[in-house]
Amino acid sequence: MTFTFVFQFDNLRRVYKKVISLNHVHPSSLPVAQMLQTNFRISSKLARRYVRVIFLVYHRFEVKKKLQFMTFADFEFLAETLLPRWTAQHVRGQTADSELDQIFSIHLHPKLISKLRDLKTLMSSTHNLVNDYATLVRQKLGKTWEDQKKLKEVEHRIYSFLKLLLNTGAALSQPKQFRDFLSNAVEFIAEPCKRIELTYTEMEDVLTEIETCFHTIAESFTQMPDRHRQQLQDSWLRYAEGMRLLILHVYDRVGE
């Protein structure tokens, strides 16, 4: 057993060094998984798993107190979710495997980071814009939710959810903030919703409306070129989609 562990660790270390050496400054000219298959003669399935693990190791993800219920499979899901959304130009594939096969870098995408910072500055400096965003989300939920007590409870929290998401997105370039983003989302979004007994579907409604309502907010950015406005919108949706998928993945186990 000890020999097997050491052998696997040595394999991971060799693969990790290879990826980092080729990926340190610029993305590889080949997708990372393909490069691993070529250099180490491994299967596509194993190459994809190495890509997920190397992403986790490189960004130094840890099992935080709020995430103690998470298994290694959960962390692999985290990597599988973020790699095509936050490191690339929003890779779209028919399956998670096909998305991982198109990943060229394990680094967060610089343009995504830059646009999320710009967005936070814009939203914070424009009078009532975050309030308007929260109001839109509340109105959309009010059209479909019949439980008025839950609606009232969640209405009081949407503004703080948006502020957390904006602040977190703007700070992703800071390694510690990136490592802590899911723990913070669980503590300040998932746990408050669990305390007011939102179901999985209701939690999904909240996060989905946060995504979809942004289009209306972006239309108010009339002083900027269309291209820049579209880049802000695309970056927010990539970011928010990743957050939604991860929060929902762990939601049923939060607070257990």
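Residues numbered from 1 in each chain as written. Predicted model: local features only at pLDDT ≥ 70, side-chain atom pairs only at ≥ 80, totals over all residues. Heavy atoms only, no water.

**Student:** If you had to explain the overall build of the protein chain to someone new, which residues and values would you point to?
**Tutor:** From N to C terminus, the protein chain includes twelve helices and zero strands. Counting helices and strands in the order they occur from the N terminus, the protein chain gives α-α-α-α-α-α-α-α-α-α-α-α. Taken over the C-alpha trace, the protein chain has a radius of gyration of 20 Å; the compact-globule value for 256 residues is 18 Å, and the two agree within 12%. If one aligns the C-alpha atoms of the protein chain with their principal axes, the spans along those axes are about 60 × 45 × 30 Å. The buried share of the protein chain, reckoned over its 256 residues, is 48%. Across the protein chain, every contact between residues at least 6 apart in sequence was considered, and the portion connecting residues at least 24 apart equals 71%. (Helix = DSSP H or I, 4+ residues; strand = E, 2+ residues; numbered from the N terminus. Rg over C-alpha atoms; globule rule 2.2 N^0.38 Å. Buried < 20%, exposed > 50% of the residue type's maximum accessible area, 1.4 Å probe, protein only. Contact = heavy atoms within 4.5 Å.)

**Student:** Break down helix 2 (residues 32-40) for me, with residues and values.
**Tutor:** The set of residues buried in helix 2 consists of Val-32, Ala-33, Met-35 and Leu-36. Seen along its axis, helix 2 keeps its buried residues to an arc of 160°; they face one direction. Of the residues one or two after helix 2, Arg-41 is the one with positive phi, at around 50°. (Arc of directions from axis to C-beta.)

**Student:** I'd like to hear about the environment of Ile-42, residue by residue, with values.
**Tutor:** Along the polypeptide, Ile-42 turns up in the loop between helix 2 and helix 3 (44-58). The class for Ile-42 is buried, based on a relative accessible area of 18%. Once residues within four sequence positions are removed from consideration, Ile-42 is found in contact with Leu-36, Gln-37, Ala-47 and Tyr-50.

**Student:** How would you summarise the packing of aromatic side chains if you had to cite specific residues and measurements?
**Tutor:** What the rule picks out here adds up to 13 aromatic pairs. A ring pair is formed by Tyr-133 and Trp-236, whose centres lie 6.4 Å apart and whose planes are at 65°; its orientation type is edge-to-face. Of this pair, Tyr-133 sits in helix 7 (residues 129-144) while Trp-236 sits in helix 12 (residues 226-251), placing them 103 residues apart in sequence. The buried category is assigned to Tyr-133, whose relative accessible area is 1%. The exposure class of Trp-236 is buried, given its relative accessible area of 1%. Through a chain of ring-to-ring contacts, the aromatic side chains of Phe-55, Phe-61, Trp-86, Tyr-133, Phe-178, Phe-181, Phe-214, Phe-221, Trp-236 and Tyr-239 assemble into a single cluster. Its end group placed over the ring of Tyr-251, Lys-194 keeps NZ or CZ at 5.1 Å from the ring centre. (Phe/Tyr/Trp six-rings, centres within 6.5 Å; stacked < 30°, edge-to-face > 60°. Lys NZ or Arg CZ within 6 Å of the ring centre and 35° of its normal.)

**Student:** I'd like a rundown of the pattern of salt bridges, residues and numbers included.
**Tutor:** Side chains that differ in sign of charge can pair as their charged atoms come close. A complete count under the given rule lists 18 salt bridges for this structure. Between Arg-49 and Glu-76 there is a salt bridge; the shortest N-O distance is 2.9 Å. Of this pair, Arg-49 sits in helix 3 while Glu-76 sits in helix 4 (residues 72-87), and the two are 27 residues apart along the sequence. Between Asp-74 and Arg-253 there is a salt bridge, with its nearest N and O atoms 2.7 Å apart. Of this pair, Asp-74 sits in helix 4 while Arg-253 sits in the segment after helix 12, and the two are 179 residues apart along the sequence. According to the relative accessible area criterion, Asp-74 is buried, its value standing at 6%. With a relative accessible area of 22%, Arg-253 lands in the partly exposed category. Taken together, the shared-partner salt bridges connect Arg-49, Arg-52, Glu-76 and Glu-80 into one network. (Salt bridge = Lys/Arg side-chain N within 4 Å of Asp/Glu carboxyl O.)

**Student:** A description of the nonpolar core should follow, citing residues and the corresponding values.
**Tutor:** Judged by nonpolar contacts, the single largest core of 81 residues is most densely connected at Leu-36, Trp-86, Tyr-133, Phe-181, Phe-221 and Trp-236. Dropping the residues within four chain positions of it, Trp-236 is found in contact with Leu-116, Leu-119, Tyr-133, Leu-165, Leu-166, Ile-210 and Phe-214. (Core = buried A, V, L, I, M, F, W, Y, C linked by side-chain atoms within 4.5 Å.)

**Student:** So what about unusual backbone geometry? Which residues, and what values?
**Tutor:** Even without being glycine, Arg-41 reaches a positive phi, approximately 50°. The exposure class of Arg-41 is exposed, given its relative accessible area of 77%.

**Student:** Mind laying out the packing of helix 7 against helix 10 (residues 200-212), listing which residues take part and the relevant values?
**Tutor:** Packed helix pairs are specified by the crossing angle of their axes together with the interaxial distance, meaning the distance between the axes. The geometry of helix 7 relative to helix 10 is characterised by a closest axis approach of 9 Å and an angle of 130° between their N-to-C directions. Comparing their axes, helix 10 and helix 7 come out oblique. Of the two elements, helix 7 crosses helix 10, and the hand of that crossing is right-handed. Every residue of helix 10 that contacts helix 7 at Tyr-133, Val-137, Lys-140 and Leu-141 is listed here: Asp-205, Val-206, Glu-209, Ile-210, Glu-211 and Thr-212. Grouping the constituent residues of the contact of helix 7 with helix 10 by class yields five nonpolar, one polar and four charged. (Axes fitted to C-alpha atoms, helices over the stretch in contact; angles between N-to-C directions. Parallel < 35°, antiparallel > 145°, perpendicular 65-115°, else oblique. Left-handed = near helix turned anticlockwise from the far one by under 90°. Nonpolar A, V, L, I, M, F, W, Y, C, P; charged D, E, K, R; others polar.)

**Student:** Could you give an account of the side chain of Thr-81, naming the residues involved and the relevant values?
**Tutor:** Looking at the element boundaries, Thr-81 is found in helix 4. If near-sequence neighbours (up to four positions away) are discounted, Thr-81 is found in contact with Gly-242, Leu-245 and Leu-246.

Keep in mind these numbers describe shape, not what the thing actually does.
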